[in-house]
Amino acid sequence: MPDVGEGLTEAEILKWYVQPGDTVEDGQVVCEVETAKAAVELPIPFDGTVHELRFPEGTTVDVGQVIISVNVGGGAAPEAPAAEAAPVVQAAAPAPVAPAVEEEAEPQGRTPVLVGYGVAASSTKRRPRKAGQGAVPAAPAAPAQAAPAVVPVPVAVPVSVPEQLNGHGPGAGRPLAKPPVRKLAKDLGVDLATVTPTGPDGIITREDVHAAAAPAPAPAVEAPAPVAEPAAVPAAAQAVQAAPAVSTDARETRVPVKGVRKATAAAMVGSAFTAPHVTEFVTFDITRTMKLVEELKSGTDMAGLRVNPLLLIAKAVLVAVRRNPEINAAWDEAAQEIVLKHYVNLGIAAATPRGLLVPNIKDAHAQTLPELSASLSELISTARDGKTTPAAMQGGTFTITNVGVFGVDTGTPILNPGESAILAVGAIKLQPWVHKGKVKPRQVTTLALSFDHRLVDGELGSKFLADVAAILEQPKRLISWA
């Protein structure tokens, strides 16, 4: 499992696009994984035949763990001469072919992985793996060491090693589990010695502990365990024996917290209990802006572009930021500094099937109205399709969340970590309103601005919110105040 460039420690395998026996080519996408915030497709860096899928769909895997093994024909290692490619092809049938290629190639330096090069070669502890009839694949990486590699593999690694390493065989020692997993087991009252491991090299995972602690599913998990434990079990068998994603009984349903939900929870808790939040509200007449929306839809300047109230609200926010630049800042706790941003990466909260995402439009302050419309449309459609990249969600400076689409009048939004303010847009409703001295039906909405009171004073927050409302009341100010 590679680090896709955002410093994460784990990812969930959402979907495999290949199966054992399939032929793959360099650059072909083999699986889709979900990191803390985004779904990412992973390509394979060489040609060959899929030998084994190490983890079934729905499994959370630590960065650095091997998730797929491939029998390579002539490309096991870039530095291997053509004459040495033949043994790899001959040994394509035995189980140890792909693991030997993966483990022997790493000491040579930076080697290709699913994404990029050189993912933490020492991040996983290598152990001997089961071998069938041959360990010839050791030759491509280091020809001089081929003979020593062949000797121990068939005789020194018994099939029962994974069971012994996990406290389920004779001479078993302490069950293998990472400290967070041990703490989880302690909190749930689970004896690790009784847990059937499904992780690589016999490591007990969090899913194993949850499965052992679940009242109903626990017996079902133990039944197929003797088949699923060895590291070389085919992927088809692993998929059948994967731990259930949802634990349920007659009265309750338990869903594991992972992926987007896990990241969102951590970010919101960190923000709510780090930045002192203040929220202010303003209710105003947005009728003129709604009329402008209709005029832009029928005009030629915005032909083919999506025009809606959110577009003009976003533009109003950008103009208000220009008038109140201190609102576009961040608090640096380590340096004890306020970082003023001279650019606006405008975040738009988007509800997706995987949860809440907040991708941002880079340098939105420099975009014209047509450009901003195109950026908004692309951002929202990409998020709903689950194709938002990690880079698109990094570096935001100000966020808009449109709760009005759900018919909600307003809310008290929580700051996106690293930002100083967030604007919630409420539903636009036809209401009685005093207009030019008479009560008339007007389109009215409410905005809510939450800000970090460490760097945004009440005066600054109030001025900014009032400016946004004033622009939307009189949209001609988009020009006169710009």
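Our structure's up above, just so we're on the same page.
About the criteria used
Numbering of residues starts from 1 in each chain and follows the order in which that chain's sequence is written. Reporting in this predicted model follows two pLDDT cut-offs: at least 70 for local features of residues, and 80 or more for side-chain atom pairs to be given and counted; totals over whole chains, interfaces and linings ignore these cut-offs and use all residues. With hydrogens and water stripped out, all remaining heavy atoms of the structure feed into the side-chain values. A helix here means a DSSP run of H or I that spans at least four residues, while a strand means a run of E at least two residues long, and both kinds are numbered starting from the N terminus. Only protein chains enter the accessibility calculation, which uses a 1.4 Å probe; a residue is then buried when its area is under 20% of its type maximum, exposed when over 50%, and partly exposed in between. Any pair of residues with heavy atoms lying within 4.5 Å of one another is described as a contacting pair. Like charges are joined within 9 Å and nonpolar side chains (Val, Leu, Ile, Met, Phe, Trp, Tyr) within 5 Å, but only among residues with over 30% relative accessible area and no salt bridge; these make up the patches. In short, Shrake-Rupley with a 1.4 Å probe defines the accessible areas, and a residue's cover is counted only from the protein chains shown. Within this document, salt bridges are pairs made up of a side-chain nitrogen of Lys or Arg and a carboxyl oxygen of Asp or Glu, the two lying within 4 Å of each other. Here, the term nonpolar core denotes a set of buried Ala, Val, Leu, Ile, Met, Phe, Trp, Tyr and Cys residues that are joined through side-chain atoms within 4.5 Å. Polar contact is defined as a pair of N or O atoms within 3.5 Å, subject to the rule that within protein one atom must be able to donate a hydrogen and the other to accept it, and that residues adjacent in sequence are counted only when both atoms are side-chain atoms.

Caption draft 1: Expanded view of the overall build of the protein. When helices and strands are tallied, the protein shows 17 helices and 20 strands. Taking all 482 residues of the protein together, 45% fall into the buried category. In the protein, once contacts between residues fewer than 6 apart in sequence are set aside, the share between residues at least 24 apart is 62%.

Caption draft 2: A nonpolar patch on the surface, seen in detail. A cluster of nonpolar residues, Val405, Phe406 and Val408, forms a patch on the protein surface that exposes about 310 Å² of accessible area. Looking at the secondary structure, you find Val408 in the loop between strand E17 (398-402) and strand E18 (421-425).

Caption draft 3: Molecular detail of the nonpolar core. Val317, Leu346, Phe398, Ile400, Leu423, Phe464 and Val468 are the most contacted members of the largest nonpolar core, which has 48 residues in total. At the level of elements, helix H13 (287-298), helix H14 (309-323), strand E13 (346-348), helix H15 (369-384), E17, E18, strand E20 (438-452) and helix H16 (458-473) are the ones that each hand at least two residues to this core. In terms of residue count, H14 provides more of this core than any other element does, 11 residues in total. In this structure Ile400 touches Leu310, Ala314, Val317, Leu346, Gly347, Ile348, Ala349, Leu423 and Val425, once residues within four positions along its chain are discounted.

Caption draft 4: Examining the environment of Ala391 more closely. Within the secondary structure, Ala391 sits in the loop between H15 and E17. On the accessibility criterion, Ala391 (47% relative accessible area) is partly exposed. Taking C-alpha positions, Ala391 is 9.5 Å from Ala38, a pair spaced 353 residues apart along the chain.

Caption draft 5: How the structure looks around the environment of Thr388. With respect to the helices and strands, the residue Thr388 is situated in the loop between H15 and E17. Judged by its relative accessible area of 3%, Thr388 is buried. When the C-alpha positions of Thr388 and Val40 are compared, they lie 8.3 Å apart, and in sequence the two are 348 residues distant. Excluding its chain neighbours within four sequence positions, the residues that come into contact with Thr388 are Ala38, Ala39, Leu357, Pro359, Thr382, Ala383 and Met393. A polar contact of 3.4 Å, which involves the side chain of Thr388, links it to the backbone nitrogen of Ala383.

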